[in-house]
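So you can see what is in the structure, the chains are spelled out below.
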Amino acid sequence: MRWFFAGLGLLAVAASSCVVLRRRRVADRVFLALVGAGCALAGVPAVAVLLRGVSVQQRWRSGGPGGDWVVGIDPLSAMFLVTILGVGFADAWFGVADLAPARARRRTWFTHATFALVLAVMALVVTAQSVVLFLCAWELMAIGSYVLIVTEHEHAAVRRAGLLYLVVTHAGTLALFAMFAVWGRASGDWTFAALSASPSGLAGGGAAAVFLLALVGFGGKAGLVPLHFWLPPAHAAAPSHVSALMSGVVIKTGIYGLLRVVVLAGAPPGWWGWTVLGLGVASAVLGVLWALVQHDVKRLLAYHSVENIGIILMGAGVGALGARYGHPVVAVLGYGAAVLHTLNHALFKSVLFLGAGAVYRATGTRNVEALGALARRMPLTWLAFLVGAAAIIGVPPLNGFVSEWLVYQGLFRAGQSGETLRLAVLAAPALALVGGLALACFAKVAGVVFLGKARSAAAASAREAGAGTLVPGFALVLACVVIGAFPAFVVPPVLTVGRFVAGATGERAGAGLAAVLADVLAGAQRLSLVAAGLVVLGAAFWVARALLLRGRSVRADETWGCGYARPTARMQYTASSFVAPLVRVFGSLAGVQEHRGATVFHTVPADLVLDRAVLPMWARVQRLALRLRPMQQGRLHVYLMYVVATLLALLAYLIVSSAT
Amino acid sequence: MFSSLASLLTFLAIAPLLQGVATRTKSALTGRRGPPVLQPYADLWKLARRGTVVSATTTWIFRLVPPAVAACAVIAATLLPLDGHAALLRFSGDAIAFVYLLALGRFLLALAALDTGSSFEGMGASREVTVAAFVEMGFFVVLGVLSLATGELSLTGMLTGTTGDRLWSAAPSLVMVVLGLFALLLAESARVPVDDPATHLELTMIHEVMVLDQSGPDLALVLFASAAKFAAYAAILVSLLVPRSSMPWPLALGVLVAGLTGVAVAVGVVESTMARLRLPKVPLYLAGATALAGFGLVLLLR
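Residues numbered from 1 in each chain as written. Chains lettered and ligands numbered in written order. Predicted model: local features only at pLDDT ≥ 70, side-chain atom pairs only at ≥ 80, totals over all residues.

**Things to note about the overall build of chain A**
Keep this limit in mind: The helix count covers DSSP runs of H or I at least four residues long, the strand count covers runs of E at least two residues long, and both are numbered beginning at the N terminus. The globule rule used for comparison is 2.2 Å times the number of residues to the exponent 0.38, while the radius of gyration itself is calculated over C-alpha atoms. Labels follow a simple rule on C-beta atoms placed from the backbone: if 20 or more others lie within 10 Å of a residue's own, it is buried; if 12 or fewer, it is exposed; otherwise it is partly exposed. Here contacts are defined at the residue level, using C-beta atoms placed from the backbone and a cut-off of 7 Å between them.
Looking only at helices and strands, chain A has 25 helices and five strands in total. Rg of the C-alpha trace for chain A: 27 Å, near the compact-globule value of 26 Å for 660 residues, within the 12% margin. For chain A, the spread of C-alpha atoms along the three principal axes comes to 110 × 70 × 55 Å. The buried share of chain A, taken over its 660 residues, is 58%. In chain A, of all internal contacts separated by at least 6 residues, the share reaching a separation of at least 24 is 78%.

**Things to note about the overall build of chain B**
Helices and strands together make up the secondary structure of chain B, namely twelve helices and one strand. For chain B, the N- to C-terminal ordering of α and β elements is α-α-β-α-α-α-α-α-α-α-α-α-α. For 302 residues, the compact-globule estimate of 2.2 N^0.38 gives 19 Å, and chain B sits close to it at 19 Å. Its C-alpha atoms put chain B at 55 × 45 × 40 Å along the principal axes. Looking at chain B alone, contacts between residues at least 24 apart form 79% of all its contacts between residues at least 6 apart.

**Observations regarding the pairing of strand β2 (residues 69-73) of chain A**
Residues and elements named next belong to chain A. The test is simple: Criterion used throughout: strands pair if DSSP finds at least two bridges between them.
Across the five residues of β2, five count as buried, placing the element largely inside the fold. The alternating pattern of β2 places Trp69, Val71 and Ile73 on one face and Val70 and Gly72 on the opposite face, and all of these are buried. In this structure, strand β1 (residues 56-60) lies alongside β2, joined through five bridges in antiparallel fashion. Each residue of the ladder has a partner; that of valine 56, found in β2, is isoleucine 73.

**Overview of the packing of helix α3 (residues 75-99) of chain A against helix α14 (residues 328-363) of chain A**
All names here are of chain A. Quick note on the threshold: The convention used is that axes are lines fitted to C-alpha atoms, helices contributing only their stretch in contact, and that angles between N-to-C directions extend from 0 to 180 degrees. With respect to orientation, any angle under 35 degrees is reported as roughly parallel, any angle over 145 as roughly antiparallel, any angle of 65 to 115 as roughly perpendicular, and every other angle as oblique. Classes in brief: Ala, Val, Leu, Ile, Met, Phe, Trp, Tyr, Cys and Pro nonpolar; Asp, Glu, Lys and Arg charged; the others, Gly included, polar.
Where α3 meets α14, the axes come as close as 10 Å, and the angle between the chain directions of the two elements is 5°. Classified by the interaxial angle, the pair formed by α3 and α14 is roughly parallel. For the pair formed by α3 and α14, the contact residues are Met79, Thr83, Val87, Ala90, Asp91, Phe94 and Asp98 on the first element and Val339, Thr342, Leu343, Ala346, Leu347, Ser350, Leu354, Gly357 and Arg361 on the second. Here the residues of the contact of α3 with α14 are counted per class, giving nine nonpolar, four polar and three charged.

**Describing the interface of chain A and chain B**
Across the contact, 71 residues belong to chain A and 66 residues belong to chain B. Counted by class, the side of chain A that touches chain B contains 44 nonpolar, 16 polar and eleven charged residues. Both strand β3 (residues 554-557) of chain A and strand β1 (residues 52-55) of chain B contribute to a ladder of four bridges, which runs parallel. If you follow A:Ala556 over to β1(B), its bridge partner there is B:Val54.

**Topic: the domain arrangement of chain A**
To keep things clear, this is the line we draw: Domain boundaries shown here were taken from an automatic or database domain assignment.
By domain assignment, chain A separates into domain 1 (1-183 + 239-250), domain 2 (268-543), domain 3 (572-593 + 600-605) and domain 4 (609-659). One C-alpha centre belongs to domain 2 of chain A, the other to domain 4 of chain A, and the line joining them spans 50 Å.

**Here we look at unusual backbone geometry**
Residue A:Pro226 follows A:Val225 across a cis peptide bond; omega there is 5°. Inspection of the secondary structure assignment puts A:Pro226 in the loop between α8 (206-222) and α9 (231-237). The peptide bond linking B:Val192 to B:Pro193 adopts the cis configuration, its omega dihedral lying at 10°. Locating B:Pro193 in the fold gives a position in the loop between α8 (171-188) and α9 (207-210). Its identity is not glycine, yet A:Ala373 carries a phi of approximately 65°, on the positive side.

**Some words on the environment of A:Arg552**
In this fold, A:Arg552 is placed in the loop between α22 (511-549) and β3. A count of 13 C-beta atoms within 10 Å places A:Arg552 in the partly exposed class. The residues touching A:Arg552, leaving out its near neighbours within four places in the chain, are B:Arg50 and B:Gly51.

**Some points on helix α4 (residues 108-125) of chain A**
How we decide: An expected span of 1.5 Å times one less than the residue number is assigned to each helix.
Taking 1.5 Å per residue as the helical rise, α4(A) with its 18 residues ought to reach 26 Å, and the 26 Å between its terminal C-alpha atoms agrees with that figure. With 16 of its 18 residues buried, α4(A) lies for the most part within the structure.

**Regarding the environment of A:Ala438**
Residue and element names in this part refer to chain A. Positionally, alanine 438 belongs in helix α18 (residues 427-450). The exposure class of alanine 438 is buried, given the 28 C-beta atoms found within 10 Å. With 151 residues separating them along the chain, alanine 438 and glycine 287 place their C-alpha atoms 9.7 Å apart.

**Description of the packing of α18(A) against helix α23 (residues 575-586) of chain A**
All names here are of chain A. Test applied: By convention, the crossing between two helices is left-handed when the near helix turns anticlockwise from the far helix through less than a right angle, and right-handed when the turn is clockwise.
For the pair α18 and α23, interaxial distance at closest approach is 10 Å and the crossing angle is 165°. When the interaxial angle is binned, α18 and α23 end up roughly antiparallel. Seen from above, α18 lies across α23 with right-handed handedness. Where α18 approaches α23, its residues Leu437, Ala440, Lys444 and Val448 are matched on the opposing element by Ala575, Phe578, Val579 and Leu582.

**Examining helix α11 (residues 249-273) of chain B**
The first and last C-alpha atoms of α11(B) sit 36 Å apart over 25 residues, in line with the 36 Å expected at 1.5 Å per residue. Here α11(B) has its buried residues at B:Ala252, B:Leu253, B:Leu256, B:Val257, B:Leu260, B:Val263, B:Ala264, B:Val267, B:Gly268 and B:Glu271.

**As for the environment of A:Ala15**
Residues and elements named next belong to chain A. Along the polypeptide, alanine 15 turns up in helix α1 (residues 2-21). C-beta crowding within 10 Å serves as the criterion here: with 24 such atoms nearby, alanine 15 is assigned to the buried category. For the pair formed by alanine 15 and arginine 635, sequence separation is 620 residues and the distance between their alpha carbons is 49 Å. Those residues in contact with alanine 15, other than ones at most four positions away along the chain, are Ala113, Ala116 and Leu117.

**Brief notes about the confidence of the model for chain B**
We apply this condition: Here pLDDT means the predictor's own confidence in every residue, given as a number from 0 to 100.
Mean pLDDT over chain B stands at 91; residues scoring 70 or higher make up 97%. Confidence metrics for the complex model read pTM 0.95 and ipTM 0.96.

So this is what it looks like as structure tokens:
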């Protein structure tokens, strides 16, 4: 634990170094070195816990209300710590390089300082083991994120997105206060251990209230449908490296919270598992569908976070069901899949956001319809984005496939269990549909942004990003490839975390579980063979192609246009047209307006929940509130009348109640 | 191991034949003579010896895609128990890898199509990914039935061994799954009623318009990959209909070849008796196929 606190200390020092050094040239390097050292140090105990499976803890006596402050690292915390620190450092690195040109004009040091603090506070969120400390860290994280989102607060849209975020996150925190209040009303002090040890808080309707409030509070933070509506505007408004952190890491604290509640409260009730699974399916399908129709790259990526949170929740949901119905195999696979997809999504989503950020920096637009042909202008960014795209649609040999593969295994093994649990298998086709739609979406983004012909002058004159922004992106790409090609290295620690969350450790596990998990691990090893086969065979076909073409004519010519010899960029398929067949299938669920004319076809996306439900409801609340306005006269004697009337009413109540 | 490898090579060798058989069947039923059964081989041979014309708009990915797509199809085929006993590569959960390997190939083909900047190819890629999203969903319903009926998660386990007999005890589900899978096969391999391999108007195509700019050896690789994908789906169908685990492997392989030819004939019959659907109707067709397999799943879940 000493390493952990030293790491957090270094992150704090990194933040203060920004404040001290401000705009000096050396500031960036000092900041990066400190953040890197801090993340590395704080990560040491997390890796140790994952490898050894032994938890560590530090406790401070506190005389104040709320009892002792406890910080500890168990397998669940360790998994999230690794995600937060690793991906967080890469994002910080990109941010420093990305904002460096603006150093003279903007207070970039302030953004960097906040970023380091948010990293440290997030590390506290996933390690805090007492309620007061957890809620403090949770609030600091929320406020720090708000400050980061409104970095470019001169734009009204950014301030609006920040406000929406602030409202939703505080509503969620309120739910968490209520949850802990219900849970801890009977326990002596407010440490997690005390909550877990005193089952009286969960007696009666307590368990239902706790799990429901957890779903609202943590689910809202994670961005599950229908509580996702704050997420796309907020993630689109923030600077790119902040979007990467928010989308990849910050929303995952919601997942952490849900899993932590499961660890502390034991196997959740059946309805909760079904609800989580159902909401997971809804988030995944609707998230990817809404992503499909976006034209703003960052909004599109943000909706994909909703989709991936859905996939994670499908894993968590089937895990909860497995635990509830006494199938530890399903529980371990489901929870393990959820935490692995959490890590994987953090990796590839950061790659994609950093790529989108580099494109935005180079072209000044986020509208995909105005881009094109960037593969020629920005070859390295394109390579990173391509790998990220292949990872997010979940194809082998990349990391997204490994975690989706585990989710499927959980679902199919639930189906084979032969109990009520078997109905969970119905989520498998939904996940397949999600994969297919994600494929369509990223074929669209990658194709329209990077391939074909440039659709605007800005795209035609784009320049490749600098080394400072490329290196962190490629570090994340490397992680995606390694996890995808050698899953046998990550699957065992992930299954350890799954066993921890499922409570299936030691003698409670049983021999059957060990056999199945060995089977899964053997499968993970074979996935490396699949990856190797793809590479070797692809190379062989490549060589064959080259040999066949030796001595034959290889000619460059115009793209075939049915004999038309002067194709232009405007003749290309647009992003709107590309997804039009899918939008037609899903109809009004896709939430787009189509604009058709003799020569134009384009679509305008809307958020079904925000634009059709939340904002209209809010307007109604406002109208009702205005109707109460006449009560507020602003004159002293009216208010005095209210006071006197209240006093008289109370007296009347007292007389009546004592008389009877 | 040897039997698996020999079966795989035989399988890959006869994959192009199936399209020839389908075309020939169609010709015979419509009163024409048609091209010889071996025509697909002649086409591949012709393309392999040609040079190539590459669009000046394209980048490296356009040249990378044909070999990669062929590799995806072949690796997917290594997961199938072609000799009736065991796949060359088998592990728990390989059925999932099978689908996603084909998805990787499709993603790459769509990118190559968009790389040309052609509106035709963009259109083809758009239609292909639309159709594929629903085919994948349907195929996972099929996998759900197979995994529930056999208690296995690998294609080898689902399609061979004593578990194959357990599959037969779920016969009503199996009938629906076979019909659903056949409908999905038609869509996945770009045949009538979803796509028409014989059409000559770019605006009406799906799969072929997506590879309009590939030529020479590149086109040969893409065509080979399509043939292998068609044969792979057909092989699953044959393995479901004819349990071959009690046969010695050369016989099992012979049965597979005969069965694949049978599926190709069936595809030819469908093509000569049905018109292709209007594009907006295709998702309905796929929903129908998925629902059919879904009924099989419901029977097992009840």
